[in-house]
Each structure stands twice: as structure tokens, then as C-alpha cells.
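# Summary of structural features
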Amino acid sequence: MRRRNQRLIMIAAAGAVLVLAMGLTFMGLRDSVTFFVAPSELAAKAKPGRLLRLGGLVVDGTLARADDGVMQFEVTDGATSVLVRYDGLLPDLFREGQGVVAEGRWAPGEPFVAERVLARHDETYMPREVAEALKQRGEWKGSAPP
Amino acid sequence: MIAEIGAFCAALALALSLAQGVLGLRTRGRETRAAAAAASAQAAAALCLIAMACLIVVFVRSDFSVSTVVAHSHIDKPLIYKIAGAWGNHEGSMLLWCAVSALFGAMFAGMRGAQSLGLWSKALGVQGFVTAGALIYTIVLSNPFARLDPAPLQGLGLNPLLQDPALAAHPPMLYLGYVGLSIPFSLAIAALLEGRADQAWAKALRPWTLIAWTCLTFGIGLGAYWAYYELGWGGWWFWDPVENASFMPWLIACALIHSAIVTERRGSLASWTILLSILGFGFALLGTFLVRSGVLTSVHAFAVDPSRGIAVLVLLAIALGIGFGLYAMRAHKLSQPAGFAAVSRESMLVWNNFGLAVAAGVVLIGTLYPLLVEAMGGGLISVGPPFFNLTVVPVLGALLLLLPLGPMLTWRVGDARAALKQLAPAIALALITVIVALWLSNWRVMPAIGLGVGVWLVAGGLIYLWTRMQRGEGRALAKLALLPLAVWSMSVAHIGAGVLTIGAIGETAFRSERGIAMVPGESVDFAGRRISLMDVGQVEGPNYAATRATFRVDETGRSASLVAERRLYPTSGMPTTEVGILGALDGDLYVALGEPVRDAPGAWTVRLYHNPVVQLIFLGALMMALGGALSLLTLMRRAKAAA
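Residues numbered from 1 in each chain as written. Chains lettered and ligands numbered in written order. Predicted model: local features only at pLDDT ≥ 70, side-chain atom pairs only at ≥ 80, totals over all residues.

### What about the overall build of chain A?
Each helix and strand counted, chain A has three helices and seven strands in total. Start at the N end of chain A and walk to the C end: the helices and strands fall as α-β-α-β-β-β-β-β-β-α. Taken across its 146 residues, chain A has 32% of its residues classed as buried. For chain A, restricting intrachain contacts to residue pairs at least 6 apart in sequence, the fraction spanning at least 24 positions comes to 53%. (Helix = DSSP H or I, 4+ residues; strand = E, 2+ residues; numbered from the N terminus. Buried ≥ 20, exposed ≤ 12 C-beta atoms within 10 Å, placed from the backbone. Contact = placed C-beta atoms within 7 Å.)

The following block contains the structure:
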């Protein structure tokens with residue numbers, strides 16, 4: 001009887017931990033997942049406070065430093081372009097006219113506020129979303145992995 | 001010519017491993033057949049090593065008639081990276097996989113010990129088929145010796161990010177770990193075929209699990225260290241799918257090390273140990289698949305050809321199908337559970353296993369979820385640090401909270417109250433840490449709890465050492481020296497886990513970061529230091545050109561100089577960042593040089609990071625690997641004493 005009790009305690013505790021872990025997992029998959037969007041999908045997919053990855057091409061001639069010292073540039077998917085503001089150093093391979101992914105938040109009527117900016121890494125490696133954005137625009141060239 | 005010798009050796013090794021597989025699985029009790037299987041294993045290993053050596057020679061001689069060399073090497077590359085280039089690509093790394101698998105098979109063939117003929121020869125046979133599967137894949141789908149006609153005069157060069165000493169050693173270490181899990185898998189299948197998994201079986205299992213886990217720990221630690229100083233982002237772990245691919249087998253191997261102890265010492269948990277052995281190898285194969293298939297695009301994904309990914313998936317399905325199928329049919333015949341109480345050494349190890357397995361499951365879900373969503377047409381998503389910090393960290397944290405209790409409890413029935421009493425100083429110290437951290441960090445609860453857990457682990461490990469010392473006689477130092485190696489290995493690994501926890505929490509929660517534009521001669525105050533940009537100039541390296549910035553760092557009472565570079569490798573046209581790191585007691589000052597500022601002539605962007613206690617992360621990982629190595633030494637000594 002005693003042994004059975006002890007076994008029951010262990011199984012109950014294990015079950016509780018498992019339920020907790022599953023709960024956390026579902027919560028995480030609901031709230032902590034980052035969606036990838038193109039500029040023209042922004043209005044449809046953005047929710048207040050949700051972290052998004054905005055992918056597209058940096059529009060030529062739009063990179064500038066705003067009056068408050070924050071870097072800003074426009075990202076386009078060919079249909080729509082969005083102003084992105086980023087308070088930090090742009091990555092080494094950030095170029096106008098090339099693919100970029102900005103991770104951050106957006107609210108209607110305001111610029112996209114980036115917390116992180118990812119650019120192409122080298123000839124063969126680029127963030128997957130950049131490649132996807134280029135493909136969607138029909139600008140994909142080369143045989144590098146998608 | 002050398003390339004052909006390599007290809008021929010690989011083909012010959014395939015024939016021999018198939019022979020090893022058939023002979024090993026069908027000994028019918030005859031020693032001669034088992035001996036033939038063992039001899040085949042050793043010959044296959046020798047041939048695989050010759051093939052690997054041929055590939056290295058081809059790389060060192062820059063033989064550009066071999067297509068792998070063209071794609072991944074260059075005449076100007078320093079020798080060490082020509083050698084490392086042999087496994088720094090998809091084809092070569094698969095050959096390395098085969099070579100390690102064959103090598104472990106040969107070592108297993110030479111170390112029969114007290115294992116019964118049936119178990120030993122069957123495990124040898126399964127291992128033969130594992131090697132054969134890997135060789136078929138390599139020869140048919142990714143032949144590293146394929147010729148190119150006409151041969152170009154120059155190669156394309158190795159990705160400059162990978163031209164680094166830590167990264168030269170990183171893939172072989174990880175492969176030793178991944179493939180090291182194939183022997184536990186083979187032993188598990190053999191046990192299921194024989195219908196027997198006794199204490200001698202667990203004893204045979206333990207060293208292989210330890211080798212795999214130690215190499216994985218060391219390899220992952222090296223990778224994290226490389227990411228820290230080479231990528232120039234100040235981070236060391238990004239929950240990147242490729243990192244997760246190595247973390248999952250690590251978690252399972254860690255669980256397996258502990259459950260195998262229970263099976264060896266007490267005979268219980270045998271079927272769970274078998275399940276973990278199958279799962280561990282499954283995760284190792286899954287890791288290979290994720291990294292090599294190009295499903296995830298990253299620096300690691302070499303293979304572009306989808307047929308390769310499908311082939312790895314087929315191999316994975318075969319291994320897991322056979323493993324789980326046999327398990328479902330045979331496992332119930334094995335279980336001979338020796339009882340234990342809810343509070344005992346065994347129960348603590350069960351909790352350890354449970355926590356690690358749940359963590360591995362959560363990591364698996366987070367890693368595969370984006371692939372699943374994309375396959376179902378749900379668009380592109382990414383599951384990153386926020387998810388894993390929310391899920392994996394609490395699970396592992398709860399597990400670590402229990403850890404110091406385990407060693408303090410006895411087998412079968414433990415006395416929790418006595419153990420907690422002995423651990424009281426550690427509890428007090430941990431609580432003080434939490435309170436002080438709360439106070440100093442302006443009430444940031446999670447980091448304070450994390451630091452408390454780390455201190456609890458370190459102090460608990462020290463108290464365990466102390467209680468074991470009390471059993472000895474003589475002076476304190478003599479008692480310390482006389483402690484069994486097994487006590488040391490466990491304590492070093494567990495304290496290492498605590499050190500790693502303190503480092504990881506401290507660095508993540510309290511790092512500071514700043515990006516500024518600097519002109520030579522300008523100074524900035526950062527993290528209690530004054531940092532001055534002295535000079536920016538050009539230097540030439542062996543196969544790159546670099547912009548080098550020299551900084552002076554003044555703190556109260558001392559000053560030092562620091563160099564950060566941006567390198568451009570003309571062969572790939574790709575810039576890399578060589579950060580300058582200045583270590584101090586409170587952590588690293590980490591300086592990365594950016595690009596010239598667009599609208600300010602003469603100015604450079606500079607990223608400054610202060611990473612507190614970051615060294616403890618790598619020290620902790622090293623201690624854990626050292627603990628694994630010491631434990632392996634213990635087992636080897638015991639085996640020698642028994643022989």
C-alpha cells in the first residue's frame with residue numbers, strides 16, 4: 001500500500017509537470033512566435049505589440065538619419081513600402097537596393113519600429129525571409145539555398 | 001589517383017561493414033563468426049580512416065580536379081584550414097560521420113569485457129548496418145571524391161567565418177558526440193533482440209554514452225565560444241534551429257548517462273534506458289537531417305540537393321522504425337523493476353530523466369513548429385528566444401533545483417530531511433543571493449532566482465564533496481586527495497552546471513550594449529571604463545585585407561590596449577568582424593568595429609558591449625565536459641581492475 005502510494009505521488013507530480021510544460025509550450029507558440037510579413041501584408045497581420053519580421057528590399061536613396069539621430073529607411077515588396085526606424089547600428093552588409101529583414105513592431109499610421117535588423121550574410125547565406133521576400137518580388141537570382 | 005584510392009577504400013569499407021552486420025546478427029552462438037564480425041569492423045574502420053586521410057591529402061594539395069576541393073578550398077588558405085576544409089563541407093563531413101561510426105564499431109569490437117556473446121555480437125552487427133547505411137548515403141548521394149572535368153585553376157575558398165581554430169575542431173567534436181550515440185543504439189537493439197538488459201549490459205553502455213555526452217558538451221561549448229567572439233554580436237546562444245539540433249541529443253545523452261547508472265547499480269529502469277538509447281540516436285540523426293538537408297537555411301546548411309534530405313529522413317525512419325517497433329514488441333519482457341521510494345537516489349535520477357526528456361521534447365516542438373506551419377501553408381514564422389526562454393528555462397530550472405539533493409540521498413530509500421539539513425548552508429547562501437540580486441538589480445525577479453539556482457548548485461556540490469571528505473581519515477588535504485574519482489567527476493560536472501547557470505543568467509540579464517560613431521582621438525565612457533579610439537589603419541593578412549582599429553581602455557588604476565578588425569576576404573568578397581575582447585574580473589569588454597559612417601568623414605561605427613561573468617559560461621561547459629572525461633576514466637580504471 002505504501003509503495004503504491006509513493007508511486008501514485010510520483011506519477012501525479014510528473015503529470016503536473018507535464019501539464020505545466022505543455023501549457024507553457026502552447027502559450028509560447030501562441031504568443032512568442034514571430035511572423036514574417038511583406039510590407040503589403042503589414043496592415044492585415046499586425047496586431048498591437050506583436051513582434052513581426054518585416055522582409056523586403058531597401059528602397060534606393062531612402063536611408064537617412066532622422067533629426068533625433070535614429071536611422072530610417074524604406075522597405076518595399078514592390079507593391080507597398082513602409083518606413084522603418086531603427087535606433088542602433090545597421091549590420092555590415094546592409095545596402096540600399098538589397099534584401100533586409102527588420103524585426104520589430106508596427107501600429108497603423110506609424111513607422112515600423114525595428115529592434116533588430118538582419119541583412120544578407122554572404123553570397124550564399126541570407127536570412128530565409130530575405131530570400132523569400134526576393135522570390136515574392138521575382139528578384140530571386142542564383143542557385144543559393146532558398 | 002589519391003582521390004580514387006579514397007573512393008575505393010570507402011566502397012571496400014561498405015562491403016566490410018555489411019559483412020560485419022550480417023555476421024554479427026547471425027552468429028548462431030559461434031565464436032568464430034563473432035570474431036569474423038569484429039575483424040570486419042576493424043578492417044572497415046581502417047579503410048574509412050584511409051579514405052578520410054585521402055580526402056585530407058587532396059585538400060592539402062589543393063587538387064582542383066576534385067569538385068569538393070574546388071567548392072570549399074583555395075590555394076591561399078593557411079594549412080590548418082585546408083585540413084579543416086576536408087570536413088568543413090557536406091560531402092567531407094558525411095565521410096567523417098562514416099569514419100567515426102566505423103571507428104567506434106572497431107573500438108567496441110575490441111572491448112568485449114564481460115558482455116555475453118549474444119549481446120556483444122548483435123550490437124556489433126547493428127553497428128555494422130549503421131556504418132553501412134551512412135556509407136551508402138555518402139558514396140551514392142554525396143561522394144566527396146567526385147572529379148570535375150575540366151579542373152579549374154583555383155577554388156572558391158572556405159566561408160571566412162569558418163576559418164577559425166575553434167570551428168576547425170567544432171564539427172569533429174560534434175560528430176564524435178552524434179555518432180557516439182550510435183553504439184548505445186546498437187546495444188539497445190541488441191538487448192531487445194536478445195530479450196535481456198541486465199546490469200552487465202548497462203555497464204557496457206555507460207562508457208559510450210559518456211564519450212558521446214562529453215564530446216557533445218565540448219563541441220557545443222566550442223560552438224558557443226566561436227559564436228561569441230567571431231560573429232561580433234556579443235551573444236553566445238541564439239536558439240537557432242541548428243543549435244537546437246545539437247542541444248536535443250545532448251539533453252537525451254545527459255538523461256541516458258544518469259539512467260544507465262541506475263540500471264547498472266540497481267537493475268531498474270532498463271526499458272527506459274533502452275528507450276533513451278533509441279531516442280538519443282534518433283535525435284542525432286534528426287540533427288544531421290536538420291543541419292544537412294537545407295530545410296533550415298543557415299551557415300550550417302551545406303546540402304542544397306533535396307534528395308539528400310529525403311535520404312537522411314529515410315535512414316532516420318528505418319532506424320527509429322526498427323528501434324521503436326522492437327521496443328513495442330519486446331520491452332515488456334525486460335522490466336524487472338527493483339522497488340524504490342519516492343525519495344531516494346533513484347527517484348531523483350528519474351526526475352532528472354523526466355526533466356531532460358521534457359526539455360528535449362519542448363525544444364523539438366519549437367524547432368519543428370515553423371516547418372510544420374510552413375508545410376501546412378500557414379506562412380513563414382520563426383520561433384526564437386522568447387519561446388525557448390518561456391518554456392525550456394523553467395523546465396531546466398526546476399530540474400536544477402532538485403539536482404543537489406540527488407547525490408545526498410541514498411539508494412532505494414533516502415532521508416530527505418537529513419539531506420536538506422546537510423544542505424542548509426547552501427539553501428541559505430542561495431536565498432541570500434536571491435535577496436542581494438533583487439536589491440542590486442532593482443527587483444528583477446527572474447534573473448535573481450536564476451542566480452540563486454546557480455549558487456545553490458555550486459554550494460550544494462561543494463557540500464557533497466565536504467560530506468564525502470568526512471568519511472576519510474587524516475588531514476583535510478589528504479582526505480580530499482583520497483576521494484574516489486567517481487565523486488570528483490560527478491561534483492565537477494554538477495558544480496560546472498552551476499557555474500554555467502550563473503554565467504548564462506548573469507550575462508543575459510545584465511549585459512550592456514552601445515553603438516556609437518567614433519573619430520580617431522575620440523573617447524567615450526562605458527561600463528565604468530574610458531574607451532578611446534587611437535587609430536584606424538589597414539593591414540594585410542595571409543588571405544585577407546583588414547581594417548584595424550586600436551583602442552585604449554582606461555580604468556581606475558590600469559590601462560590596456562585593444563584591437564578590433566574588419567577583414568575582407570577577396571575570394572568570397574565577404575567581410576568578417578574580429579572583435580577585441582578585454583577580460584576582467586567583472587566580465588568582458590567586447591568591442592566590434594563597424595563600417596565608416598556615411599555622413600561623417602573619418603568616423604567609424606563602433607559597437608561596445610559589456611558582458612558580465614561571460615567567462616563562467618565557457619568555464620562551466622568545460623567543467624561539465626571535464627566531469628564527463630573523469631567519469632570515463634573511472635569506468636576505464638574499474639574495467640582494468642576487474643580484468
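### Focus on the confidence of the model for chain B
Put simply, chain B has an average pLDDT of 89, and 97% of its residues get 70 or more. Contacts of residues 298–303 of chain B to residues separated by more than four positions or lying in other chains number 20 contacts, the stretch itself having pLDDT below 50. (pLDDT = per-residue confidence, 0-100.)

### Some remarks on the packing of helix α18 (residues 445–470) of chain B against helix α20 (residues 485–510) of chain B
Residues and elements named next belong to chain B. Between α18 and α20, whose axes approach to 8 Å, the crossing angle comes to 165 degrees. As judged from the angle between their axes, α18 and α20 are roughly antiparallel. Viewed along their axes, α18 and α20 form a crossing whose handedness is left-handed. Across the interface between the two elements, P447, G450, L451, V453, G454, V455, L457, V458, G461, Y464, L465 and R468 of α18 pack against V487, S491, H494, I495, A497, G498, V499, T501, I502, I505, G506 and A509 of α20. Here the residues of the contact of α18 with α20 sort into 15 nonpolar, eight polar and one charged. (Axes fitted to C-alpha atoms, helices over the stretch in contact; angles between N-to-C directions. Parallel < 35°, antiparallel > 145°, perpendicular 65-115°, else oblique. Left-handed = near helix turned anticlockwise from the far one by under 90°. Nonpolar A, V, L, I, M, F, W, Y, C, P; charged D, E, K, R; others polar.)

### Observations regarding the environment of B:L349
Residue and element names in this part refer to chain B. Inspection of the secondary structure assignment puts L349 in helix α13 (residues 345–375). What makes L349 buried here is the crowd of 25 C-beta atoms within 10 Å. Sequence separation between L349 and L403 is 54 residues; the distance between their C-alpha atoms is 8.9 Å. Discounting chain neighbours no more than four positions away, the residues touching L349 are H258, S259, I261, V262 and G406.

### With respect to the domain arrangement of chain B
Domains assigned within chain B are domain 1 (1–163), domain 2 (423–483) and domain 3 (512–617). Computed over C-alpha atoms only, the centres of domain 2 of chain B and domain 3 of chain B are separated by 37 Å. (Domains from an automatic or database assignment.)

### Quick word on the pairing of strand β3 (residues 523–526) of chain B
One ladder, built from four bridges, connects β3(B) with strand β4 (residues 529–540) of chain B; its direction is antiparallel. Paired with B:F526 across the bridge in β4(B) is B:R529. (Pairing = 2+ DSSP bridges.)

### A word on the sheet that holds strand β9 (residues 587–596) of chain B
Backbone-to-backbone hydrogen bonds pair the strands of a sheet. The strands run either parallel or antiparallel. All names here are of chain B. Pairing is antiparallel across the open sheet formed by four strands, whose spatial order is β2-β10-β9-β8. Edge positions in the sheet fall to β2 (512–518) and β8 (580–584), since each has one partner strand and no second. Each neighbouring strand pair of the sheet contributes to a mean axis angle of 15 degrees, computed without reference to strand direction. Pairing analysis gives eight bridges linking β9 to strand β10 (residues 604–612), with the strands arranged antiparallel. Counted as the bridge partner of L589 is H610 from β10.

### Focus on helix α17 (residues 424–440) of chain B
Residues and elements named next belong to chain B. The end-to-end C-alpha distance of α17 is 24 Å, a good match for the 24 Å that 17 residues give at a rise of 1.5 Å each. Tucked into the core, α17 has its buried residues touching α18. A positive backbone phi angle near 60 degrees is found at N442, which sits one or two residues after α17. (Expected span 1.5 Å × (residues − 1).)

### Here we look at α13(B)
Residues and elements named next belong to chain B. Compared with an ideal rise of 1.5 Å per residue, which puts 31 residues at 45 Å, α13 spans 45 Å between its outermost C-alpha atoms and is within 8% of the ideal. The sharpest bend along α13 comes to roughly 35 degrees, located at L368, with the proline P370 sitting one to four residues further on. Remark: G377 follows α13 within two positions and exhibits a positive phi of approximately 80 degrees. (Bend = angle between axes of the 7 residues up to and from the residue.)

### Remarks on the confidence of the model for chain A
All names here are of chain A. The predicted model of chain A averages 77 in pLDDT, with 78% of residues at 70 or higher. No element of chain A has a lower mean pLDDT than helix α3 (residues 128–136), which averages 60, and none a higher one than strand β5 (residues 81–86), which averages 91. Low pLDDT (under 50) marks residues 141–146, which in the prediction has seven contacts with non-local residues, meaning those over four places away or in another chain.

### Structural notes on the pairing of β10(B)
All names here are of chain B. Of all the nine residues making up β10, eight are buried; the element is thus mostly covered by neighbouring parts of the structure. As defined by bridge partners, β2 adjoins β10 across seven bridges and the pair is classed as antiparallel. Across the sheet, the residue bridging to G515 is R607, located in β10.

### Observations regarding the nonpolar core
All names here are of chain B. Residues A13, C48, A51, L251, I252 and A253 are the most contacted members of the largest nonpolar core, which totals 185 residues. With 18 residues, helix α9 (residues 199–230) is the single largest residue contributor to this core. In contact with A51, not counting residues within four places along its chain, are G6, C9, A10, A13 and L95. (Core = buried A, V, L, I, M, F, W, Y, C linked by C-beta atoms within 7 Å.)

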